[in-house]
Amino acid sequence: MGLRQLMIDAWSWLNYKPVMAEAGRPGSRAFPELAKTWVPPQELRRLAAYKVLAAYDNNQAGQLAAAGGDESALERRELGDAANLVDTALGYLLGSEQKVVVEGAEHADEETPTPGAAEAAAVQDRLRKWADKELLTFRVQQAERAAVLLGDSVMVLAWNPEKQRPTLRVYDPGFFFPQWDDEDEDFPRRVHLAWELPADDDAGLKARVRRVTYELGPISEGGDGEDRPAAGGRQYPWEPGRTSNVTCYLTDAEWLLEDLKNGETLDQLPMDKAAYRVRPDGTELNRLDLMIDFVPVVHIANTIPDGGEHWGRSVLARVLQALDELAATDSDSSAASATTGTPIIGLAGARLPVDRATGKPQELQVKAGAVWQLGETGRMDALDTSPQLAELRARVDHLLERIAANSRVTAAGLGTLDATEVPSGYALKLALGPLDALIGMMRLAREHKYRLLFKMVQRLYQAGRAEGWTAGETLPARLAWAPHTPTDRAAVLEEVVQAYGAGVLSLETAVTMLLEAGYPIKDASQEVERIRAKAQQEAAVRMAEAAVRRGRDEEDEDQGEDGPGSAGSTTLVEKGSEREPVEASR
């Protein structure tokens, strides 16, 4: 008996699945679409892993196991535990809201703003308007759910001349095929987005594959598609004074599947059989010069990849076998509950009713109100399966706790922790410690990618000569996340008041802390401006009141200069313990 092949890579945690056991053509039996000749062989394990994870998300893990040869898996009960784990982790990752923040913009409203603060505030305002128009929050949720579930997600930017702004689209990571010339490169110089288009008999269309390619290359002179360097190169608006001879080319073409032969994979498709797509203005998308020096594709990994890897890991990766155990236990529990609610009964000495038509004894049914006649030596025994049912339910709870712990979402994060078991808020914070570390790691893995996304947005605006976007260096912008767990707002408020009163925090930092703690502050800079305006108004009122008091005091002094004997003046005389005003003439 030969040894089973052992493979260790970014998807080794799926090797226990029969559909992933074959290293050469994984998933080819369960997923026939992966057997297409144009799919690169080195990408098959990644694509098969995406298919397996999608099956768990849609409660189809039993069907997947049946496709691998386990026919009994079709009876497996799946109650959405995998999808619940994904959605819970996604909710903690996103927080209550996300905002575009440009570094330095918070100082624009200060009495003495720092250099560049006004420009940063203007860019931040324009980026937030772009985010509203492009439904950035919606796109982020689309991309992040795919990243949390599958481990990867892809966002693509493109300049829209009609809308005069960059457009943002989210693609399935199974369509993403980067071409790495050097493993040490931070970003690929060539990227394919490819997927298969089914045949449409009504429209007379055959099955075909579409490939969209972004590629960095030398600027061609004359625009004939040949790589002849242009004289002098090109100066991009985000790098004034620097000449570059690199640009990004876009190619969008289709091939009929019947025209492809074995060995003609995605990166080797015959260009003489390609049908190029055409833009609405009539431009053929064949090595179209995009007038930018970067590939406008952002790959988001759910986790920080290992050294030499580029792909992330799903939140389900390390608990997938536990989810299988949970589904099997749920199925056993369902079967046990059937025999507990309607037990198996053995009768001895019973007089069974006879069917008059056939003359055979009728089958007895266990139901409310049933009466069975037993003889003198008759006996009825019922099979009690309630202890087994209780054990199965306890095992379900155990598996849920194991899944919560190993996924680092924690029982408190999943909402399965009994509130009476938490003695204090500090104990709850300790219980949420693994979740805090998980979300911190996931957000760290995305920090640079969203900075890159907003850098590309600014440069596309500059390349498109949009109004208000002048030439100059790109300002650093990031995506700010709201807190993923509830905070002690009263404690934060007390801390802010004491620190700001002691002069160790600026007003901008204090307001930012309140914003992050969950106070209903829409914009920190506007809130600072309102606070300062109110302070100035109160200071003006106090100055006016002080002026009125000074006027009254001066008036009293003028009246006192006439002396106690002057006409109409009054003096104070003591009478017991009281002082009464007495007219001076008395």
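Our structure's up above, just so we're on the same page.
Just so it is clear, the model here is predicted, and its values are computed rather than measured. (Residues numbered from 1 in each chain as written. Predicted model: local features only at pLDDT ≥ 70, side-chain atom pairs only at ≥ 80, totals over all residues. Heavy atoms only, no water.)

*Asks:* Please set out the pairing of strand E12 (residues 297-301) residue by residue, giving values where relevant.
*Replies:* Judged by how many residues are buried, E12 sits mostly within the fold: five of five residues are covered. The side-chain alternation of E12 yields two buried faces, one formed by Val297, His299 and Ala301 and the other by Val298 and Ile300. Here strand E2 (residues 152-160) runs beside E12; their pairing, made up of five bridges, is antiparallel. Counted as the bridge partner of aspartate 152 is alanine 301 from E12. (Buried < 20%, exposed > 50% of the residue type's maximum accessible area, 1.4 Å probe, protein only. Helix = DSSP H or I, 4+ residues; strand = E, 2+ residues; numbered from the N terminus. Pairing = 2+ DSSP bridges.)

*Asks:* Tell me about the side chain of asparagine 302, residues and numbers included.
*Replies:* Tracing the sequence through the fold places asparagine 302 in the loop between E12 and helix H7 (320-341). In this structure the side chain of asparagine 302 is engaged in a polar contact, spanning 2.8 Å, whose partner is the backbone oxygen of arginine 313. Ignoring anything within four residues of it in the chain, the contact list for asparagine 302 reads Ala147, Val148, Gly151, Gly312, Arg313, Ser314, Val315, Met442, Ala445 and Arg446. (Polar contact = N/O pair within 3.5 Å; in protein donor to acceptor, adjacent residues only side chain to side chain. Contact = heavy atoms within 4.5 Å.)

*Asks:* I'd like to hear about the packing of aromatic side chains, residue by residue, with values.
*Replies:* The geometry of an aromatic ring pair is captured by two quantities: the separation of the ring centres and the angle between the planes. Tallied over the full model, the rule gives nine aromatic pairs. Considering the side-chain rings of tryptophan 38 and phenylalanine 177, the 6.4 Å spacing of their centres and the 75° angle between planes classify their relative orientation as edge-to-face. Here tryptophan 38 is found in the loop between helix H1 (18-21) and helix H2 (44-57), whereas its partner phenylalanine 177 is found in strand E4 (residues 176-179), with 139 residues between them in sequence. Each of the two residues, tryptophan 38 as well as phenylalanine 177, counts as buried. Considering the side-chain rings of phenylalanine 176 and tryptophan 311, the 6.1 Å spacing of their centres and the 75° angle between planes classify their relative orientation as edge-to-face. In this pair, phenylalanine 176 is assigned in strand E4 and tryptophan 311 in the loop between E12 and H7, connecting sequence segments 135 residues apart. Here the two residues phenylalanine 176 and tryptophan 311 agree in accessibility, since each one is buried. Taken together, the ring pairs in this structure connect Trp159, Tyr461 and Trp469 into an aromatic cluster. The aromatic ring of phenylalanine 177 is capped on one face by arginine 46, whose charged end is 5.6 Å from the ring centroid. The ring centre of tyrosine 249 lies 4.1 Å from the NZ or CZ of arginine 287, which sits over that ring. (Phe/Tyr/Trp six-rings, centres within 6.5 Å; stacked < 30°, edge-to-face > 60°. Lys NZ or Arg CZ within 6 Å of the ring centre and 35° of its normal.)

*Asks:* Account for the pairing of strand E5 (residues 190-197), naming residues and giving values.
*Replies:* Within E5, six of the eight residues are buried, which leaves the element mostly enclosed by the surrounding structure. In this structure, E4 lies alongside E5, joined through four bridges in antiparallel fashion. When the bridges of E5 are listed, glutamine 179 appears paired with arginine 190. For E5 and strand E6 (residues 208-218), the ladder comprises eight bridges, and the chain directions are antiparallel. Residue pairing for E6: valine 191 is matched across the bridge by tyrosine 214.

*Asks:* Break down the sheet that holds strand E3 (residues 165-171) for me, citing the residues and quoting the values.
*Replies:* If you walk across this open sheet you meet the three strands as E3-E2-E12, and the pairing is antiparallel. Two strands in the sheet have a free side with no partner beyond their single neighbour: E3 and E12. Taken pair by pair, the neighbouring strands of this sheet meet at an average axis angle of 25°, ignoring direction. (Axes fitted to C-alpha atoms, helices over the stretch in contact; angles between N-to-C directions.)

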